[in-house]
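# Descriptive analysis of the structure
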Amino acid sequence: MDIQLSIQNLTKRYKTGDGVTDISLDVRKGELITLLGPSGCGKTTVLRSIGGFLEPDSGEILIENKSVLKTPPEKRPTAMVFQSYNLWPHMTVYDNLAFGLKIRKMKKAEMDFAITEVLKLIRMSGSEKKHPGELSGGQQQRIAVARALLLKPAVLLLDEPFSALDAKLRHEMREELREIQSKTGLTMVFVTHDQEEALSISDRIVVMNHGHIEQIASPQEIYDEPKSLFAAQFIGKMNFLKGVVSADQVIIQNLAFPNPKRLTGEVSIAIRPENVILQDGEETGLSGSVKQIMILGHYAEVSVDVQPFGIIRSFQPRDQVKHLHSGQKVKVNFSKALAFPAV
Amino acid sequence: MSKQSKMGVLGLLLVLPSFLVLFVIVILPVALSFKESLTNDSGGYDLSNYIYLFTDKLMRSNIIFTLTVTIISVGLVLAVSYALAVYMRFNDSAIVRWIQKMYMIPIFIPGVIATYGLIRMLGNRGWAAQFLYQFGVESMPRFIFDMKGIIIANLWFNIPFTTMLLASALTAVPNSIIESAKDVGAGMWRIFFNLILPLTYKTLLVAATFAFMGIIGSFTAPFLLGPNAPQMLGVSMQQIFGVFQDRQLASALAFFTFFLCSIMGYFYIREMTKEERGKAT
Ligand SMILES: Nc1ncnc2c1ncn2[C@@H]1O[C@H](COP(=O)(O)OP(=O)(O)O)[C@@H](O)[C@H]1O
Ligand SMILES: [Mg+2]
C-alpha cells in the first residue's frame, strides 16, 4: 500500500508545557483519516505541523516519502482548510480561488475552467463575483474547501471545518466531502472533536487524548473494540460498571464474562446500550427496575435503575418495549462486555 | 406638524451647534480672506493679487519650493513609517520591542526645542560636523538653512504619528489570512502586494493626507532652519503679512494654501466614501 503521509515520533511542546508527544501515523494514498479527541488534546498542533505552520521539537514528517520538515508552508504539497475559513476579505470568490492557481502560473482559460468546475462541485456556481462578506458561514466554508481542492494537494488538511455550521448543514457538508473524496481520490487528514462526525466519514480514526494517540483503527473497530477506557468513553454511548476478575473471569455480581486481556483485580466494564438485554424477573442477571422509556424513532432507549451500579441505559427494538412500563422489575444481562483496568 | 417634519427639525437642531462652530471658525474666516484677497490697491475687486502670486519670480519659486519640500517629505515619511510599521508587525525581537517603546518620543518634545536641537546637531559647527571631522571628513553637506534641513525636521515631526496610524492598520490584518496565503503558496512579496498593501491602503491614504496638511502649512521648522529664499509658504505668508504689511497678498497666499489642502481633502473624501463591498467580515 502506498503511504502518502508518514508522521514519525512527532513531538511539539509549547512553552506552557502543552502540546503533543510521540505521534506516529501512516496515512495511505486516497485515505480519509480523522484526528478525533476532546478540545485541547493537540489535534490542531499535529495538523499545523503537517502544514508547516509549526516547527516540531523532534520527529519526522514525510509526504510521498520525502521529508518536508525543512520546507516552508508555501512550498509544502499540502493545502489546509482552516477552522475560521481564512478567506481574503478584499478579494472576490473568483480571486480567492484563483490566487493559488496564478502562483502556479496556470493559464487563464484553464483557470476559468477549473474554477467553474470546482464551484459546480461544491454547488456554488455563479458566485464568482461575490465577496466573502456577502456569503453565509456555510458558503464561506465551501469556498475554503474549494480553494484547497483546486491546488490538488498531496495531502488535504481540514481543521474542524464544519464545527461552526448548524446540524443540518453539517450533515450535508459531510456527505459532500465524502463524495468529493471519492471523486478526487485525495488523501485527507480531517480534524474533529465530534465522534459522530468521525465515525460517519472516516476510513480510519486516530483517537487522541492529552497530546498522545490512544488508538488508530477503523470506525467499526474503534466502536466495537476500543483499546482504552478513554476511547470507550469518548466514542458512542457506553455504560460503565465496576467488576472484579476472579478465576480468570470478569465478574459482575452473578454474571461472568471472558477475560481476554488477562486483567487482574478490580476492573471497569464498558457495555454498549445495544448489548444490554432486558429479561423477565425469573432469569439470571442484575435485578433492577425500569426507570424511563424513550421512543427514539425505530428503537427505544430504556433506562434501568440497577442497584448498586446506578442507571444502565439500553437500546431495544421498539416493538419489544411495548410490554414494559416504568417501575417494572427486570433482570439485566449483557451480550458483550469489555473490561479495562480500573482507574 | 407631522412626525417626519418634527424629526427633521430635531435633526437640524442637533447639527446646528457643530455647524455654527464650523461657520465661525472655518467658513467665515475663509470667506473673509477670500474677499480680502480679491481686493486691489485701489480698493476695487480683481485678481491682481493672484496674478502677482503666479507671476512674481520669488513667489513662484516659493510655491514650487513648498510643493517640492512637501511631496518629498510626505513620500519619505510614508516610506519610513510604513517600513517601520511593517517591520514591527512581522518581527518579534528585542529590537522591535525597543523601537515600539521609543518611536513615539518625538511627539512629546516641543517643536521649537526639537528644531533648535536639529540646528545644534546639523549646523556648520554642529556636533555631527565635529564628529565627522574626527574621521577626516572636512566638509559636511549643507543641511541647515537648506531644503534638506526642513525635510529632516518634517521627518522628525511626522514619522511617529504616521507610524502609529499604520501600525494599528497592520495589526488589524489578521495572521490567519496571511497563513492561508502562505498555504496556497504565496511568498513574502506576493503576500505584501496582494494582502498587506490592499488591506492597509486606506490608512496609508489617511496618513498621507495628515502628513501633507501638516507639512504644507508648517511654520516653526521652516522659519527657524529654512533658507531665506526660497521660503515655505507659511514663512512667506508671515513675512508678507508682518514685514511688508500687505494683507491682501497674504490673504491670497493663505487662500491658495487652503485650496491645495482642499484638493487633497477631495481625494481623501472620495476614497473614504467609496462603497465598501464585502468588507463585513
Ligand atoms: N501557540 C500556543 N502556545 C501555547 N499553548 C498552545 C498554543 N497553541 C495551542 N496550545 C495548547 O496546546 C494544547 C493543544 O492545542 P490544540 O492543538 O490547539 O488542541 P485541539 O486542536 O485538539 O483543540 C492546548 O492545551 C492548547 O492550550
Ligand atoms: Mg483545534
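This is a predicted model, so every value here is computed, not measured. (Residues numbered from 1 in each chain as written. Chains lettered and ligands numbered in written order. Predicted model: local features only at pLDDT ≥ 70, side-chain atom pairs only at ≥ 80, totals over all residues. Heavy atoms only, no water.)

We now examine the site of ligand 1. All names here are of chain A. If you check the shell around ligand 1, you find Y14, T16, D18, P38, S39, G40, C41, G42, K43, T44 and T45 and nothing else. Within the backbone of G42, one N or O atom sits 3.0 Å away from an oxygen atom of ligand 1. The protein chains hide 63% of the 560 Å² of surface that ligand 1 would expose on its own. Split by residue class, the shell around ligand 1 holds three nonpolar, six polar and two charged. (Near = heavy atom within 4 Å. Polar contact = N/O pair within 3.5 Å; in protein donor to acceptor, adjacent residues only side chain to side chain. Areas by Shrake-Rupley, 256 points an atom, 1.4 Å probe, with all protein chains shown as cover. Nonpolar A, V, L, I, M, F, W, Y, C, P; charged D, E, K, R; others polar.)

Let's shift gears to the nonpolar core. Residues L97, I115, I143 and L156 of chain A together with L53 of chain B are the most contacted members of the largest nonpolar core, which totals 88 residues. Looking at which element gives the most residues to this core, the answer is helix α9 (residues 188-216) of chain B, with 12 residues. Once residues lying within four places of it in the same chain are set aside, the contact partners of L53 of chain B are M59, R60, I63, L249, A252, L253 and F256 of chain B. (Core = buried A, V, L, I, M, F, W, Y, C linked by side-chain atoms within 4.5 Å. Buried < 20%, exposed > 50% of the residue type's maximum accessible area, 1.4 Å probe, protein only. Helix = DSSP H or I, 4+ residues; strand = E, 2+ residues; numbered from the N terminus. Contact = heavy atoms within 4.5 Å.)

Residue and element names in this part refer to chain B. Of all residues in chain B, 97% attain a pLDDT of 70 or more, and the chain-wide mean is 90. Within chain B, helix α6 (residues 127-134) has the poorest average pLDDT of any element, 85, and helix α3 (residues 57-90) the best, 96. Under a pLDDT of 50 for its full length, residues 277-281 has, in the predicted model, 13 contacts with residues more than four places off or in other chains. Scored by ipTM, the complex comes to 0.83, with pTM at 0.84. (pLDDT = per-residue confidence, 0-100.)

So, about the pattern of salt bridges. Here the idea is simple: oppositely charged side chains can pair when their charged atoms come close. All names here are of chain A. Following the criterion strictly, the structure yields 20 salt bridges over all chains and no others. Across the pair R262 and D248 runs a salt bridge whose closest N-O atoms are separated by 2.6 Å. Residue R262 is found in the loop between β13 (255-258) and β14 (266-271), and its partner D248 is found in the loop between β11 (239-246) and β12 (249-252); the two are separated by 14 residues along the sequence. Residue class for D248 comes out partly exposed when judged on its relative accessible area of 40%. (Salt bridge = Lys/Arg side-chain N within 4 Å of Asp/Glu carboxyl O.)

With that settled, the discussion passes to the confidence of the model for chain A. On average, residues of chain A carry a pLDDT of 92, and 100% of them reach 70 or more. For chain A, helix α5 (residues 167-184) of chain A is the element with the lowest average pLDDT, namely 87, and strand β3 (residues 32-36) of chain A is the one with the highest, namely 97.

A few words now on the packing of helix α8 (residues 175-183) of chain B against α9 of chain B. Residue and element names in this part refer to chain B. At a minimum axis separation of 11 Å, α8 and α9 run at an interaxial angle of 160°. Compared by their axis directions, α8 and α9 come out roughly antiparallel. For the pair α8 and α9, the crossing hand works out as right-handed. Residues I177, I178, A181 and K182 of α8 form the contact with α9, whose own contacting residues are I191, L195, I196 and L199. A class-by-class count of the residues in the contact of α8 with α9 yields seven nonpolar, no polar and one charged. (Axes fitted to C-alpha atoms, helices over the stretch in contact; angles between N-to-C directions. Parallel < 35°, antiparallel > 145°, perpendicular 65-115°, else oblique. Left-handed = near helix turned anticlockwise from the far one by under 90°.)

Attention now moves to the sheet that holds strand β5 (residues 66-67) of chain A. Across a sheet, paired strands are connected by hydrogen bonds in the backbone, their directions being either parallel or antiparallel. Residues and elements named next belong to chain A. Pairing is antiparallel in the open sheet, where four strands are placed in the order β2-β1-β4-β5. Looking along the sheet, the strands with just one partner apiece sit at the ends: β2 (19-28) and β5. Relative to β2, strand β1 (residues 3-13) runs antiparallel, the two sharing seven bridges. The partner of I3 across the bridge, within β2, is R28. The strands touched by helix α1 (residues 43-51) within the sheet are β1, β2 and β4 (58-63), with β1 carrying the most contacts at an inclination of about 120°. (Pairing = 2+ DSSP bridges.)

Here the focus is the packing of α3 of chain B against helix α7 (residues 147-171) of chain B. All names here are of chain B. Two numbers describe how α3 lies on α7: the axes approach to 7 Å, and their chain directions differ by 40°. Comparing their axes, α7 and α3 come out oblique. At the point where α3 passes α7, the crossing takes the right-handed sense. Here the contact of α3 with α7 is composed, by residue class, of 20 nonpolar, eight polar and one charged.

All names here are of chain B. Applying the stated criterion across every chain yields a total of 17 aromatic pairs over all chains. Judged by centre distance (6.0 Å) and plane angle (40°), the ring pair of F255 and F258 falls under tilted. Of the two residues, F255 and F258 are both situated in helix α12 (residues 247-272); the distance of three residues between them amounts to about one turn of the helix. The exposure class assigned to F255 is buried, which follows from its relative accessible area of 19%. (Phe/Tyr/Trp six-rings, centres within 6.5 Å; stacked < 30°, edge-to-face > 60°.)

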